[in-house]
Structure formats: C-alpha cells, structure tokens
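The residues making up each chain are set out below.
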Amino acid sequence: MIRIFKPTIFVLCLVPLIIIAYQILFNQLGAEPVKQITHHTGEWTLRFILLSLAMTPLKNITKILAWIKYRRMLGLFAFFYGTLHLLTYIGFDYQFNLDPIIDDVLNKKFIFIGLAAWLLMLPLAVTSNQKMVLILKQNWKKIHRLSYLIGIFAVLHFIWLSKTIFFEPLIYLIILITLLTLRLDFIKFLFKKKSVT
Amino acid sequence: MKLHKFKSSEITPESLYINRRKFLKKMGILTGSALTSQNIITSAFSYTPETERKITPYKFVTTYNNYYEFGTSKSDPHKNSKDFITKPWDIKIDGEVENEITLSVEEIKNMIPSEERVYRFRCVEGWSMVVPWLGFPLNKLLNKVKPTSKAKYVKFTSVYDPDQMKGQRFPVLNWPYKEGLRIDEAMHPLTIMVTGLYGKELPNQNGAPLRLIVPWKYGFKSAKAIVNIKFVEKMPVSSWMNASPKEYGFYSNVNPNVSHPRWSQATERVIGENIYSPRIKTVMFNGYGDEVASLYDGMDLRKNF
Ligand code: HEM
C-alpha cells in the first residue's frame, strides 16, 4: 500500500506549487501579484507544518503505524514551501534590497517570528534522512521536538500579521492547540486506556 | 487644540487641477449614457497631482477591497455585496448642530452635483491605487447645517445591517463602523463624498451609496455606506482605534516616517503591476502635503499618528 500511497501523496503535495506556477505563467495573480505568491506559499507552509504535526496523534488515535511514514515528507514540503515563501519576500517583494529587510526583521515582530520559524526548520531539514536518525540516536528526537515550537511560531506569525484574528488565524490556532494537546501525556493515556478496555 | 480654519485661497487650483476635458480624453471614459444617471457638472476641474502614475484598472478598483462588513478577504466585498440594497437610503446630519437634517441620497445627489476627482488611494496595508472618483466636497453637504460652538469633530457612522452584511454577524470590529475627522479636515476641499467611480454609479463593494474619501489619510479613514454624520465636541473613537489603539491613531495621515507594526509605510505596492515591479516610495500626506500640511502646523505627527 505504502508503495502506491507515498508517490501519490508526493504528487499531491506538489499541487500548490503547480497552482502558483500556473497563476504566474498565465497572469492569474490578481491585483497584488507578489502578495498573492506570498500568501499562497505562506498558507501552504503553515498547512504542511500542521499536517506533519498531525501524523503522530493520528498514529496514536487510529493505532495505524503508517501515518509516521509521511511525517518526514510533509515536514520537508513545509520547509520547501517555507523557503519559497521567504524567497518571494526577499526576491520579489524587496528585490534583494537588504536594508528594508533588516529593518523589517528588527522592527516587525511577525517577520521576526516567521524568520525564527524558518531558521528552526533548517536543522530539522538537514537531519531528516535516515542516516542522521542513526547518527544522532536519542538526540534526533530531541532536535525534532523543535517542530512544536515551529508550529507555535508559525501560527503566531499568522496572527500577528493579520489585522484581526478572525477567521483564518483563529482556525489555525485551534488546530494547533488541538494537535499539541493530543500529545500531552494524560491525553495519550486516555487513548491507551480506551484501547485496553 | 487650536483649530486651523481653511481658506479657499490656500489651494492653488491652477497648479493642481488639470482641465477635466483633457483628462477625460486621456482616460477615454465617461462617455454619454453612463453619465446620465449622475448629475455631473461639466465645468469642474479634475484634481490630479501626478501625471506619471497610472489610473488603476476598473477591475482591480472593484474587486480588491477591504470592507469587513462583507468579509475579511479582499475578494469578499465584490462577491458578497451583489444584493446589497442601497435604495432608499437616508443620511442624518445631527449632533452639535442648530438644525439637524435627514436627506435621502437622491436628494443629496440632486442638490450637489458630482465631479470627477482622480485621487491616490493609499491603504495602511502598504498598497495603493489611483482612482477616478465621482463626488463632491463634503463641505457642501456639511454647510447645510449650522454647527454649534461646541462642535469640534465630525463623526461618521456606517450602516449596520447584519442581515445583509455577513461580516457584521461576528465581532470582527465594533459595528457599526465608525470614523472621525476634525472639522477643518472634514471641511477641506480635498475631502469628498463619493457617489461613483469611473463615471459610473458607486459599486456596492466600494461603499455605495455614499462614502467618504480623504485622500491624504490611509484608506480605512474613508468610511463607506454612511448613514450618519454627527458633529461632536470630543474626538470620536473610530472602530479601528477601538480595535487596536496602538496601531491606528485618530489622524492616520499617510506618513512614511511613522511605521506600523505590520506594514512598511516607507514604501507601497502599486495595485495592478506585475511581480517584477518594485515598490514605490510613499509620500508624506500621500502627495497632498501642499494642500493639507498646514492643517497640522505645530503638531507632532509621530505622537498624533
Ligand atoms: C515557517 C515559516 C512561515 C510560515 C508558516 C508562514 C506563514 C505565513 C502565512 C500563513 C501568511 C499569511 C497568508 C495569508 O494571509 O493568506 C504569511 C504571510 C507573510 N509572511 Fe510568512 N510564514 C513563514 C515564514 C516567513 C518568513 C521567514 C518571512 C520573511 C522573512 C515571512 C514573511 C511573510 C510576509 C511578508 C507575509 C505577508 C504579510 C502581509 O500580508 O502583509 N514569512 N506567512
């Protein structure tokens, strides 16, 4: 099953890229093209972060181990779209003009925390392959706990850049809180108990 | 605070207004039938401080809007305002006045002819358009009442109608939308009440039937679908000030030197450009400094942002 599923999911994960490429090529970006690319890539970064964070709880709830096999791929797609998002900001929005970018990072908390989220994704991306899991052993798990922090930073980024929390930032916040709560030991305990009885 | 009284001699029409006809020809719009429903004076001049900035295409002016009453996404107002009923529509002018009045939009349009005004429109989010509005100076409407000596500010209230306006069913802002100006700002000849754009009747998503435009302030100051204009003694608290006083001040003049926690105010993106177009520099008072800077003489615009 995994043999068919994995490539299918991989292709599905590329759909947001295909959509934005289409919009760029056929001039479908609308009134504010750069912002459209920024928003599209930003939203998909956030969605992939939350999707990758959902795999472990899904495994625990459904008792199906296979979810874990997609965790790395989803995380790497989050990094991929996050990098496109960052490059859009640096390349298209500010045309590699560093002064306003530095100014933004220092003065706008939503940029600061977004950049922090992206930087935290770097070590996870670098250590994502199987070899690294073997080399780092227990430390690998510790490093990859950063993903919770990335999720929190990413949602904060969205809340802070929005004029009001209604509705999208709020929805993502609720999803994040749910996903993190499902990882709390006493909640996990509930699931275990259920499966025993 | 000392109020600055505006004298009409302070503006220099010759240098700022171009012949409307020349403008119309250049634009290739405003022909025949589109105009008959509007009462437009042909002798009016069009305000246009720049020749190099392009007028934003109609498509973007009418599909890219911030109008939270109809939803928080830019495309929502266009989609959700189609069936919004704007007739009949009354506007009450009251508060600190000797003779409060209620006028229908039709009465107002018949009483005060609209003229073409091409203004830059700068949103606090860091984007801008150039819009050919149809409208008339607000002072022509305000002159219908006599403010008492107590009156210092003008408060604008937009319509509250959650049945027709989905966005108002949620506490996104403290509905109805409220805005305010100092009386001298409201009486300034650049401040207009808008009845249309691109030579046509004002589309619902742009604030029909009657909205404010204050071109030297960020777009949110220009309240839409106004039902009440009230002269008041105390500085009104606008909906955005109420939502986040640190981010949105009463004045909200376009000012590249006062930065907003989220958006760069030093530069702006021009709506309708392509992905390779750079941001352009934002100009103090959105380029209307010659006309309006004197309103704020002696004021610290960093404090009074
Ligand atoms: C993990 C990293 C990140 C995630 C999950 C993320 C997510 C998002 C989301 C969801 C949006 C809003 C999209 C919308 O409104 O539809 C957004 C907008 C934005 N992001 Fe990020 N982002 C990340 C990193 C960054 C970084 C590193 C930067 C720049 C240094 C950045 C700059 C921006 C900008 C400029 C906007 C547009 C703000 C506006 O609408 O005015 N983001 N991002």
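For the structure given in this document, a descriptive report is provided here. This structure is a prediction, so every number in the text was calculated from the model and none was measured. (Residues numbered from 1 in each chain as written. Chains lettered and ligands numbered in written order. Predicted model: local features only at pLDDT ≥ 70, side-chain atom pairs only at ≥ 80, totals over all residues. Heavy atoms only, no water.)

## Examining the packing of aromatic side chains
All names here are of chain A.
Thinking step 1. This structure, assessed with the given rule, holds 29 aromatic pairs over all chains.
Thinking step 2. The interplanar angle of 45° and the centroid separation of 5.9 Å between the aromatic rings of W44 and F48 together place this pair among those described as tilted. One end of the pair, W44, and the other, F48, are both in helix α3 (residues 33-62), four residues apart, so they sit about a helical turn from each other.
Thinking step 3. For F48, a relative accessible area of 3% corresponds to the buried category.
Thinking step 4. Summarising the aromatic geometry, the rings of F77 and Y81 are spaced 6.3 Å apart at their centres and angled 25° between planes, so their arrangement reads as stacked. Placement of the pair is F77 and Y81 together in helix α4 (residues 68-93), with a separation of four residues, close to one helical turn.
Thinking step 5. The buried category is assigned to F77, whose relative accessible area is 6%.
Thinking step 6. The rings of F10, W44, F48, F77, F80 and Y81 are connected pair by pair, giving a single aromatic cluster. (Phe/Tyr/Trp six-rings, centres within 6.5 Å; stacked < 30°, edge-to-face > 60°. Helix = DSSP H or I, 4+ residues; strand = E, 2+ residues; numbered from the N terminus. Buried < 20%, exposed > 50% of the residue type's maximum accessible area, 1.4 Å probe, protein only.)

## A closer look at a nonpolar patch on the surface
Thinking step 1. Together, L12, V15, I18 and I19 of chain A line one region of the surface with nonpolar side chains, adding up to about 350 Å² of accessible area.
Thinking step 2. In this fold, I19 of chain A is placed in helix α2 (residues 15-25). (Patch = residues over 30% accessible without salt bridge, like charges linked within 9 Å, V, L, I, M, F, W, Y side chains within 5 Å. Areas by Shrake-Rupley, 256 points an atom, 1.4 Å probe, with all protein chains shown as cover. Salt bridge = Lys/Arg side-chain N within 4 Å of Asp/Glu carboxyl O.)

## Thoughts on the site of the ligand
Thinking step 1. Neighbouring residues of the ligand: 23 residues in total, closest H39, G42, E43, H85 and H157 of chain A.
Thinking step 2. Looking at the residues close to the ligand, they fall on chains A and B.
Thinking step 3. With respect to the ligand, the side chain of K35 of chain A contributes an N or O atom lying 3.3 Å from an oxygen atom.
Thinking step 4. Breaking the shell around the ligand down by element, the ones donating at least two residues are α3, α4, α6 (109-126) and α9 (146-161) of chain A. (Near = heavy atom within 4 Å. Polar contact = N/O pair within 3.5 Å; in protein donor to acceptor, adjacent residues only side chain to side chain.)

## Examining the packing of α3 of chain A against helix α10 (residues 168-181) of chain A
Residue and element names in this part refer to chain A.
Thinking step 1. Running from N to C, α3 and α10 point in directions that differ by 20°, and their axes come no closer than 10 Å. Between α3 and α10, the angle is such that the two are roughly parallel. In this structure, the crossing between α3 and α10 has a hand that is left-handed. Facing E43, L46, R47, L50, L53, A54 and P57 of α3, the residues of α10 in contact are E168, Y172, I175, L176 and L179. (Axes fitted to C-alpha atoms, helices over the stretch in contact; angles between N-to-C directions. Parallel < 35°, antiparallel > 145°, perpendicular 65-115°, else oblique. Left-handed = near helix turned anticlockwise from the far one by under 90°. Contact = heavy atoms within 4.5 Å.)

## Considering the nonpolar core
Thinking step 1. Residues W133, L141 and I229 of chain B are the most contacted members of the largest nonpolar core, which totals 77 residues.
Thinking step 2. The dominant element in this core, judged by the number of residues it contributes, is strand β6 (residues 127-137) of chain B, at five residues.
Thinking step 3. Beyond its immediate sequence surroundings of up to four residues, I229 of chain B is in contact with I91, K92, I93, D94, L138, L141, L142, V154, K155, F156 and M193 of chain B.
Thinking step 4. Among the nonpolar cores identified, the runner-up in size contains 33 residues, and A54, A78, Y81 and M121 of chain A belong to it. (Core = buried A, V, L, I, M, F, W, Y, C linked by side-chain atoms within 4.5 Å.)

## Considering the interface of chain A and chain B
Thinking step 1. Contacts between the two partners involve 23 residues from chain A, matched on the other side by 27 residues from chain B.
Thinking step 2. Its largest share of buried area at the contact with chain B, chain A owes to A31, E32 and K163 of chain A, together 31% of the area lost on that side.
Thinking step 3. Scanning the region where chain A abuts chain B turns up three salt bridges.
Thinking step 4. Counting across the chain A and chain B interface gives nine residue pairs in polar contact (both at pLDDT 80 or more).
Thinking step 5. Sorting the residues of the side of chain A that touches chain B by element identifies α3, α4 and α9 of chain A as the ones contributing at least two each.
Thinking step 6. If you tally residues by element for the side of chain A that touches chain B, the top one is α3 of chain A, at four residues.
Thinking step 7. Of the residues that constitute the side of chain A that touches chain B, the class distribution is 13 nonpolar, five polar and five charged. (Buried area = accessible area lost by both parts, 1.4 Å probe. Nonpolar A, V, L, I, M, F, W, Y, C, P; charged D, E, K, R; others polar.)

## Remarks on the pairing of strand β3 (residues 90-95) of chain B
Residues and elements named next belong to chain B.
Thinking step 1. Two elements, β3 and strand β4 (residues 101-104), share four bridges in a ladder whose sense is antiparallel. Residue D90 lies in a different strand from β4, and its bridge partner there is S104.
Thinking step 2. If you look at the hairpin formed by β3 and β4, you'll find five residues sitting between the two strands. (Pairing = 2+ DSSP bridges.)

## A word on α6 of chain A
Residues and elements named next belong to chain A.
Thinking step 1. For α6, built from 18 residues, the straight-helix expectation of 26 Å at 1.5 Å per residue is met to within 8% by its first-to-last C-alpha distance of 26 Å.
Thinking step 2. Residues of α6 that are buried include every one of F110, I111, I113, G114, A116, A117, W118, L120, M121, L124 and A125, and no others.
Thinking step 3. Contacts made by the buried residues of α6 are with α3, α4, α5 (98-107), α8 (138-144) and α9. (Expected span 1.5 Å × (residues − 1).)

## Concerning the pattern of salt bridges
Thinking step 1. Counted by the stated rule, this structure contains 18 salt bridges over all chains.
Thinking step 2. The salt bridge involving D104 of chain A is made with K108 of chain A; its shortest N-O contact spans 2.7 Å.
Thinking step 3. Accessibility expressed as a relative area gives 5% for D104 of chain A, which makes it buried.
Thinking step 4. Its relative accessible area of 4% is what places K108 of chain A among the buried residues.
Thinking step 5. For K163 of chain A, the salt bridge is made with E125 of chain B, and the minimal N-O distance between the two is 3.1 Å. Residue K163 of chain A is located in the loop between α9 and α10, and its partner E125 of chain B is located in the loop between β5 (115-122) and β6; the two belong to separate chains.
Thinking step 6. On the basis of relative accessible area, K163 of chain A is assigned to the buried category, the value being 17%.
Thinking step 7. E125 of chain B gets classed as buried once you look at its relative accessible area, which sits at 9%.
Thinking step 8. Within the structure, one salt-bridge network assembled from shared partners comprises K92, D94, E100 and K230 of chain B.

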